[in-house]
Amino acid sequence: MNKKTSDEILSILNIEIPNPKPELNFNNNFQLLVAVMLSAQTKDKYVNEVTDILFKKYPDPYSLSQANLDELISIIKNLGLANNKAKNLISTSKIIHEKYVDVIPSSLDLLTSLPGVGRKTANVILALGFNIPALPVDTHLHKMAIRLGYVKKDSTVLEAEEALKKYIDKSCWIKAHHLFLLYGRYVCKKINPECDNCKLKKYCKYIKKHV
Ligand code: SF4
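Let me begin by describing the structure that accompanies this report. (Residues numbered from 1 in each chain as written. Predicted model: local features only at pLDDT ≥ 70, side-chain atom pairs only at ≥ 80, totals over all residues. Heavy atoms only, no water.)

## Topic: the environment of Gly-149
Okay, step 1: Among the secondary structure elements, Gly-149 is positioned in the loop between α9 (139–147) and α10 (157–167).
Okay, step 2: Between the C-alpha atoms of Gly-149 and Ala-160, which are 11 residues apart in sequence, the distance is 10.0 Å.
Okay, step 3: Dropping the residues within four chain positions of it, Gly-149 is found in contact with Met-1 and Lys-205. (Helix = DSSP H or I, 4+ residues; strand = E, 2+ residues; numbered from the N terminus. Contact = heavy atoms within 4.5 Å.)

Encoded structure:
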């Protein structure tokens, strides 16, 4: 990878996805945090169906911190990992209410110290909640970083994040996150990527090995 190639990839993605937006529904940073915590290993559209109900019942950190665990599990059960997600939501809401007076913190260290909040989730909060330059790397960005040659096949998520940040201008990190995520979700899919229609073919290491 080099900066010129990376810039070309970003230009193509900007044309392919002219108005990239997050697909999770939220109205404030508390809702964003809850939605991203719930989104692990499931689809955003399922999270939106659940948060529609959840945010009405638990509109703020205090109400969610007081939730009955079994009741919360039953509301989010279709999203998978429901036991852990419910416990983490209650614990994190308690800390947000008691320690941060209902304000979601805006630092990576403070966010990742919350139960159930990993580096990717924290970076999403920084980027979408605070507009702080961050480049959250989820499974889609990791996959595309490998296929397009930002990193080697056996790279870690953190290595992918570092490589993307190295070649993409800081002012474009947040938009690049959306572009790679949406392209990885709908075109460069994990199984059966739509390579025939892909405008990134000439840069792709994956297709060169599979045709
Ligand atoms: S050619 Fe296929 S694998 Fe490569 S980036 Fe495009 S969709 Fe993904």
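## Some remarks on the layout of surface pockets
Okay, step 1: The space that makes up the largest pocket amounts to roughly 950 Å³.
Okay, step 2: Along its surface, the largest pocket is lined by 37 residues, and Ser-39, Thr-42, Asp-44, Lys-120 and Arg-185 are the ones closest to its centre.
Okay, step 3: Elements that contribute at least two residues to the lining of the largest pocket include exactly α2 (29–38), α3 (44–57), α6 (82–98), α8 (119–130), α9 and α11 (173–186).
Okay, step 4: No other element matches the 6 residues that α11 contributes to the lining of the largest pocket.
Okay, step 5: Built from parts of two domains, the lining of the largest pocket gets at least three residues from each of domain 1 (3–20 + 135–210) and domain 2 (29–130).
Okay, step 6: If you add up the space inside the second largest pocket, you get close to 210 Å³. (1 Å grid on protein atoms, 1.4 Å probe; cavity = no way out; pocket = protein on both sides within 12 Å on 5 of 7 lines; lining within 4 Å. Points joined across faces, edges and corners; volume = space filled by probe spheres on them. Domains from an automatic or database assignment.)

## A short note on empty space enclosed by the protein
Gaps left between atoms show up when a probe the size of a water molecule is rolled over them.
Okay, step 1: A full pass over the atoms with the stated rule returns 1 cavity of 30 Å³ or more.
Okay, step 2: What the largest cavity holds in volume is close to 110 Å³.
Okay, step 3: For the largest cavity, the lining is made up of 15 residues, of which Cys-188, Cys-195, Cys-198, Leu-200 and Cys-204 are closest to its centre.

## Considerations on the packing of aromatic side chains
Okay, step 1: Going through the model one piece at a time under the given rule, you end up with 2 aromatic pairs.
Okay, step 2: Between Tyr-150 and Phe-180 the ring centres are 6.0 Å apart and the planes differ by 90°, which places this aromatic pair in the edge-to-face class. Here the residue Tyr-150 occupies a position in the loop between α9 and α10, and Phe-180 occupies one in helix α11, the gap between them amounting to 30 residues. Each of the two residues, Tyr-150 as well as Phe-180, counts as buried.
Okay, step 3: One aromatic cluster is present, formed by Tyr-150, Tyr-167 and Phe-180 through successive ring pairs. (Phe/Tyr/Trp six-rings, centres within 6.5 Å; stacked < 30°, edge-to-face > 60°. Buried < 20%, exposed > 50% of the residue type's maximum accessible area, 1.4 Å probe, protein only.)

## As for the site of the ligand
Okay, step 1: Lining the immediate environment of the ligand, one finds Arg-147, Cys-188, Pro-193, Cys-195, Cys-198, Lys-201, Cys-204, Tyr-206 and Ile-207.
Okay, step 2: Judged by its atoms lying within 2 Å of the grid points, the ligand is housed in the largest cavity.
Okay, step 3: Split by residue class, the shell around the ligand holds 7 nonpolar, no polar and 2 charged. (Near = heavy atom within 4 Å. Sits in = over half its atoms within 2 Å of the grid points. Nonpolar A, V, L, I, M, F, W, Y, C, P; charged D, E, K, R; others polar.)

## Details of unusual backbone geometry
Glycine aside, residues mostly have negative phi angles, and peptide bonds mostly take the trans form.
Okay, step 1: Unusually for a residue other than glycine, Val-101 sits at a positive phi of about 50°.
Okay, step 2: Take Val-101: it is sitting in the loop between α6 and α7 (108–112).
Okay, step 3: Taking relative accessible area as the criterion, Val-101 reaches 64% and is therefore assigned exposed.
Okay, step 4: Of note in this structure, Asn-131 is not a glycine but carries a positive phi near 55°.
Okay, step 5: Within the element layout of this structure, Asn-131 appears in the loop between α8 and α9.

## Examining the pattern of salt bridges
Opposite charge on two side chains permits pairing when their charged atoms draw close.
Okay, step 1: For the coordinates displayed, the defined rule picks out 10 salt bridges.
Okay, step 2: Across the salt bridge formed by Lys-189 and Glu-194, the nearest N and O atoms sit 2.7 Å from each other.
Okay, step 3: With a relative accessible area of 27%, Lys-189 lands in the partly exposed category.
Okay, step 4: Within this structure, Lys-3, Asp-7 and Asp-169 form a network of salt bridges that share partners. (Salt bridge = Lys/Arg side-chain N within 4 Å of Asp/Glu carboxyl O.)

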